[in-house]
Amino acid sequence: MILEVKGLRKSFEGKEILKGIELSVEKGDVVAILGPSGSGKTTTLRCLNFLETADEGELVFDGAHYDMHRAGKKEIAEIRKKTAFVFQNYNLFQNKTVLQNVMLGLTAARGIRKAEAREIAVKALTHVGMADKLSSYPAQLSGGQQQRVAIARALATSPDIIYFDEPTSALDPELIGEVLSVMRQLAKEGMTMLVVTHEMEFARNVSSKVIFMEDGSIVEQGPAKEFFENPKEERTREFINFILGQGEA
């Protein structure tokens, strides 16, 4: 077990957004988190990486236990050294080149020498098919290319797990495939991933496990094949049928 969450709760302005989330991720798992907008998917991910502070919850990461409400800077830094986060809107520095964007987290946050950081960054960018854009700036790239740079930035830190927050939702339809292709390849290579997504085809055919959330709670979770072929909860069946009926599979 690489990651386990127990009793995760979070409120904003008196409204309970997460109502006791419990989930676990094994090494090599690709876990897709599905659910309607406002169900708490992104907040869950942000709490796991301490981008939001949970009101309650215990995180067990790689055998170490953390209080998600009281974790200090040192503990949060420990966790972030083992994780990476890919945001919906890329979060690239517009005034830095592709290569500089990937190198920055290595030199500034991890103290890696520039020559070594450059080597790692080039390797990561090559991995996602962006080796020919090292000198380009984000504004010169398509959304799909920018997201691939963001994935390279995540890979460069050699994380134990990568969190993806709706990595394709800001992309034009014709660009979604290139990002999902990179993610499929990472899954084949055994990268552990927790992915908030609306991409049902990815969830069904690439993920090993699916979590369905609604109204701040987990309605159902289980192996992807079982989840899609034999959902246990009526609400899960309704959601799957509605999404597939819209032609998003």
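Up top is the structure these notes are about.
Residues numbered from 1 in each chain as written. Predicted model: local features only at pLDDT ≥ 70, side-chain atom pairs only at ≥ 80, totals over all residues. Heavy atoms only, no water.

**A closer look at the sheet that holds strand β5 (residues 64–67)**
Reading across from one edge, β2-β1-β4-β5 is the order of the 4 strands in this open sheet, with antiparallel pairing throughout. Where the open sheet ends on each side, the last strands, each with one partner, are β2 (15–25) and β5. Pairs of neighbouring strands in the sheet enclose a mean axial angle of 20°, with direction left out of account. Bridge count between strand β1 (residues 3–12) and β2: 8 bridges; the pairing is antiparallel. Paired with S11 across the strands is E16, a residue of β2. (Pairing = 2+ DSSP bridges. Helix = DSSP H or I, 4+ residues; strand = E, 2+ residues; numbered from the N terminus. Axes fitted to C-alpha atoms, helices over the stretch in contact; angles between N-to-C directions.)

**Examining the nonpolar core**
It is characteristic of soluble globular proteins that their nonpolar side chains tend to be buried jointly. Within the largest apolar cluster, 41 residues are counted, with the highest numbers of intra-cluster contacts made by L125, I151 and F164. Of all the elements in the fold, those that place two or more residues in this core are β6 (83–86), α3 (98–107), α4 (114–127), α5 (143–156), β7 (161–165), α6 (173–188) and β8 (193–196). With 8 residues, α6 is the single largest residue contributor to this core. Ignoring anything within four residues of it in the chain, the contact list for F164 reads L45, V86, I151, M183, L186, M193, L194, V195 and V196. L45, C47, L59 and M68 belong to the second largest nonpolar core, which has 30 residues in total. (Core = buried A, V, L, I, M, F, W, Y, C linked by side-chain atoms within 4.5 Å. Buried < 20%, exposed > 50% of the residue type's maximum accessible area, 1.4 Å probe, protein only. Contact = heavy atoms within 4.5 Å.)

**Some points on the packing of α3 against α4**
Two elements in contact, α3 and α4, have axes separated by 9 Å at closest approach and are oriented at 125°. If you check the angle between α3 and α4, you find them oblique. Judged by the twist between their axes, the crossing of α3 over α4 is right-handed. Of the residues in α4, those in contact with V98, L99, V102, M103, L106 and T107 of α3 are K114, A117, R118, I120, A121, V122 and L125. (Parallel < 35°, antiparallel > 145°, perpendicular 65-115°, else oblique. Left-handed = near helix turned anticlockwise from the far one by under 90°.)

**Let's talk about the pattern of salt bridges**
Evaluated as defined, the whole model comprises 12 salt bridges. E52 is the salt-bridge partner of R46, the closest N and O atoms lying 3.4 Å from each other. For R46, a relative accessible area of 24% corresponds to the partly exposed category. Here the salt bridges do not stand alone but share partners, grouping E214, R235 and E238 into one network. (Salt bridge = Lys/Arg side-chain N within 4 Å of Asp/Glu carboxyl O.)

**Things to note about the pairing of β5**
For strand β4 (residues 56–61) and β5, the ladder comprises 4 bridges, and the chain directions are antiparallel. In the strand pairing of β5, E58 is matched with D67. Count of turn residues in the β4/β5 antiparallel hairpin: 2 residues, of which D62 carries a positive phi of about 55°.

**Structural notes on the layout of surface pockets**
Here the largest pocket is characterised by a volume of approximately 630 Å³. When contributions to the lining of the largest pocket are tallied by element, the ones reaching two or more residues are α2 (73–81), β6, α3 and α5. A per-class count over the lining of the largest pocket returns 13 nonpolar, 6 polar and 4 charged. Here the second largest pocket is characterised by a volume of approximately 160 Å³. E119, I120, K123, A124, H127, L155, A156 and S158 are the residues that line the second largest pocket. (1 Å grid on protein atoms, 1.4 Å probe; cavity = no way out; pocket = protein on both sides within 12 Å on 5 of 7 lines; lining within 4 Å. Points joined across faces, edges and corners; volume = space filled by probe spheres on them. Nonpolar A, V, L, I, M, F, W, Y, C, P; charged D, E, K, R; others polar.)

**Details of unusual backbone geometry**
Unlike most non-glycine residues, D62 shows phi in positive territory, near 55°. Within the secondary structure, D62 sits in the loop between β4 and β5. Judged by relative accessible area, D62 falls into the partly exposed class, the value being 45%. Of note, the phi angle at N91 is positive, near 55°, even though the residue is not glycine. Structurally, N91 is set in the loop between β6 and α3.

**Here's the deal with the environment of P138**
Its location among the elements puts P138 in the loop between α4 and α5. What makes P138 buried here is its relative accessible area of 1%. When the C-alpha atoms of P138 and H127 are compared, they prove to be 18 Å apart, with 11 residues separating the residues in sequence. If sequence neighbours within four positions are ignored, P138 has contacts with L92, F93, Q94, K96, N101 and Q146.

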